[in-house]
Amino acid sequence: MKRLVSGKQILVCVGPGGVGKTTAAAALGVLAARQGRRTLVCTIDPAPRLADALGVPDLGPEPRSLADETNRILGIGQSGTLQAARVDTGCAFDRLVGEQVADPVLRARILANPLYRQMTADLTGAPEYAATLFLFDLQRSRAYDLIVLDTPPTANALDFLATPRRLADAISSPALQWLAARSPKVRRFSLQRLSAGGALVLRRAGKLVGSQFLDDLGAFLLDVRDVLGAFLVRARDIEAMLRRPEVGFLLVLSPETAAINEALYFAGHLRRAGTPLAGFVANRVLAVPGMVEADALRAALAALPALADMNAAQLEAAALQLADLGAYLAYITQQQQKELARLAAQAPGVPITRVPLLPHDVSNLESLKAVADCFELAG
Ligand SMILES: Nc1ncnc2c1ncn2[C@@H]1O[C@H](COP(=O)(O)OP(=O)(O)OP(=O)(O)O)[C@@H](O)[C@H]1O
Ligand SMILES: [Mg+2]
């Protein structure tokens, strides 16, 4: 991990929902800042627990520094800095529109269009694409040695990587190309003009959604024609950026069979694409239970002053229950170790960093520090 945070310029934490991407991204940021790097963590946490814990509530797209006291608790010295920002999907798209559309009237019309708002908010992959747009803007500024990007929960980690390509494909679709080829003089898109070919389909669609809607859609698509071209170029630039050797992908996973299978698939895909995975973070790894024998447990319970008024039968029952639980935990731990060994064997050369299951959520500075310490100890 130390090598990664000192050698890369961009680290992207990917993985399925709830595995610990936001936590890992924040802890990586802490580690990098400890190593003296100017670091930015971009989080996508919809529940701003982590931002609150870092003392930067209401975190938005403007990077914010942590308080001195927060840095001290997290073990960040004078040489490095840690800033945090939150990816705002709408804002990332608006910036691109602002950059591309010089005419203020047209820009305002696009930004105010309900279809635009809906497209950027609800489109499949919009949050993923916004995250990459945000990252692209930030790395151009060269204000940071390292940017750590948290990513939205995707059903499959591969989805994130495929986002720019999917967007490029969607933009290059024949329907949009057809619209883009219209004369710039045609400011209104009318069903009447579409008398041939596709008109039939559109007229049928018009019966369903109303032809006013189709007219609005056409007008909007004409307005955003140039912006779509810019989205396409940017999608390609982002794809190229994500393939540079200074960019590393870290896959966060839970040490379970299905998650490991998916992780291996993802690692194979990246290897074949020529951008090998920088590492795995196995999160919530269980510790081997210390005491599982009923006799030892009974003796330990009997020695506890707080349980002094329990009789022998009660102690025996409690010890047996704990022994059962211990045996179960030992079994799960063993399975997790087996799965992690399989991961190591089938993805040789990709380091695995283990983070234990902590007794509570990582929503305060102490627990975040514990995860960062774990990364630091991992070497
Ligand atoms: N090692 C751990 N021990 C205990 N709790 C953890 C650990 N890692 C993460 N958590 C907790 O699990 C929850 C999910 O973690 P986190 O938000 O980092 O996951 P995520 O992958 O970013 O989720 P999402 O896909 O929803 O964005 C959080 O409440 C977090 O505090
Ligand atoms: Mg998250």
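Asker: Help me understand the side chain of arginine 37, please; the structure alone is not making it clear to me.
Answerer: Residue placement: arginine 37 occurs in the loop between α2 (21–34) and β2 (38–43). Put simply, arginine 37 is tucked away with no salt bridge, and the nearest opposite charge, on aspartate 145, sits 4.7 Å away.

Asker: Honestly, the sheet that holds strand β5 (residues 146–150) in this entry has me stumped. Any pointers?
Answerer: Hydrogen bonds between backbone atoms are what pair the strands of a sheet, whose relative direction is either parallel or antiparallel. Strand order in the open sheet formed by eight strands is β3-β4-β2-β5-β1-β6-β7-β8, with mixed pairing between adjacent strands. One side of each edge strand has no neighbouring strand; the edge strands of this open sheet are β3 (64–65) and β8 (352–356). Across four bridges, the pairing between strand β1 (residues 10–14) and β5 is parallel. Across the sheet, residue cysteine 13 finds its bridge partner in β5, namely aspartate 150.

Asker: What should I look at first to understand the pairing of β2 in this one?
Answerer: Along any regular strand, the residues point their side chains to alternate faces of the sheet. In terms of burial, β2 is largely enclosed, as five of its six residues are buried. Here β2 pairs with strand β4 (residues 81–86) via six bridges, running parallel. The partner of threonine 43 across the bridge, within β4, is arginine 86.

Asker: I keep staring at helix α15 (residues 294–302) and nothing clicks. Help me out?
Answerer: Helical periodicity: at 3.6 residues per turn, an α-helix aligns residues three or four positions apart in one direction. Along α15, the positions that sit buried rather than exposed are Ala294, Leu297 and Leu301. Projected down its long axis, α15 carries its buried residues within an arc of 60 degrees, all on one side. Against the buried residues of α15 lie α16 (312–346).

Asker: Help me understand the nonpolar core, please; the structure alone is not making it clear to me.
Answerer: Among the nonpolar cores identified, the biggest contains 57 residues, and Cys42, Phe93, Ile110, Phe249, Leu277, Phe280 and Leu343 are the most heavily contacted of them. With nine residues, helix α8 (residues 126–141) is the largest single contributor of residues to this core. Not counting residues up to four positions away in its chain, the partners in contact with phenylalanine 93 are Tyr116, Thr120, Ala126, Tyr129, Ala130, Leu133 and Phe231.

Asker: Just checking my understanding: could you explain the site of ligand 1 for this structure?
Answerer: Near ligand 1 there are 18 residues, and of these Lys21, Thr22, Thr23, Arg284 and Val362 occur at the shortest range. Here threonine 23 contributes a side-chain N or O atom positioned 2.6 Å from an oxygen atom of ligand 1. Side-chain polar atom of arginine 284 to an oxygen atom of ligand 1: 2.5 Å apart, as the coordinates give it. When ligand 1 is considered free in solution it has 640 Å² of accessible area, and contact with the protein chains removes 88% of it. The cavity that encloses ligand 1 is the largest pocket. Of all the elements in the fold, those that place two or more residues in the shell around ligand 1 are α2, β7 (279–285) and β8. With three residues, α2 is the single largest residue contributor to the shell around ligand 1. Residue classes in the shell around ligand 1 are distributed as seven nonpolar, seven polar and four charged.

Rules used throughout
Residues numbered from 1 in each chain as written. Chains lettered and ligands numbered in written order. Predicted model: local features only at pLDDT ≥ 70, side-chain atom pairs only at ≥ 80, totals over all residues. Heavy atoms only, no water. Helix = DSSP H or I, 4+ residues; strand = E, 2+ residues; numbered from the N terminus. Buried < 20%, exposed > 50% of the residue type's maximum accessible area, 1.4 Å probe, protein only. Lys, Arg positive; Asp, Glu negative; His and termini not counted. Salt bridge = Lys/Arg side-chain N within 4 Å of Asp/Glu carboxyl O. Pairing = 2+ DSSP bridges. Arc of directions from axis to C-beta. Contact = heavy atoms within 4.5 Å. Core = buried A, V, L, I, M, F, W, Y, C linked by side-chain atoms within 4.5 Å. Near = heavy atom within 4 Å. Polar contact = N/O pair within 3.5 Å; in protein donor to acceptor, adjacent residues only side chain to side chain. Areas by Shrake-Rupley, 256 points an atom, 1.4 Å probe, with all protein chains shown as cover. 1 Å grid on protein atoms, 1.4 Å probe; cavity = no way out; pocket = protein on both sides within 12 Å on 5 of 7 lines; lining within 4 Å. Sits in = over half its atoms within 2 Å of the grid points. Nonpolar A, V, L, I, M, F, W, Y, C, P; charged D, E, K, R; others polar.

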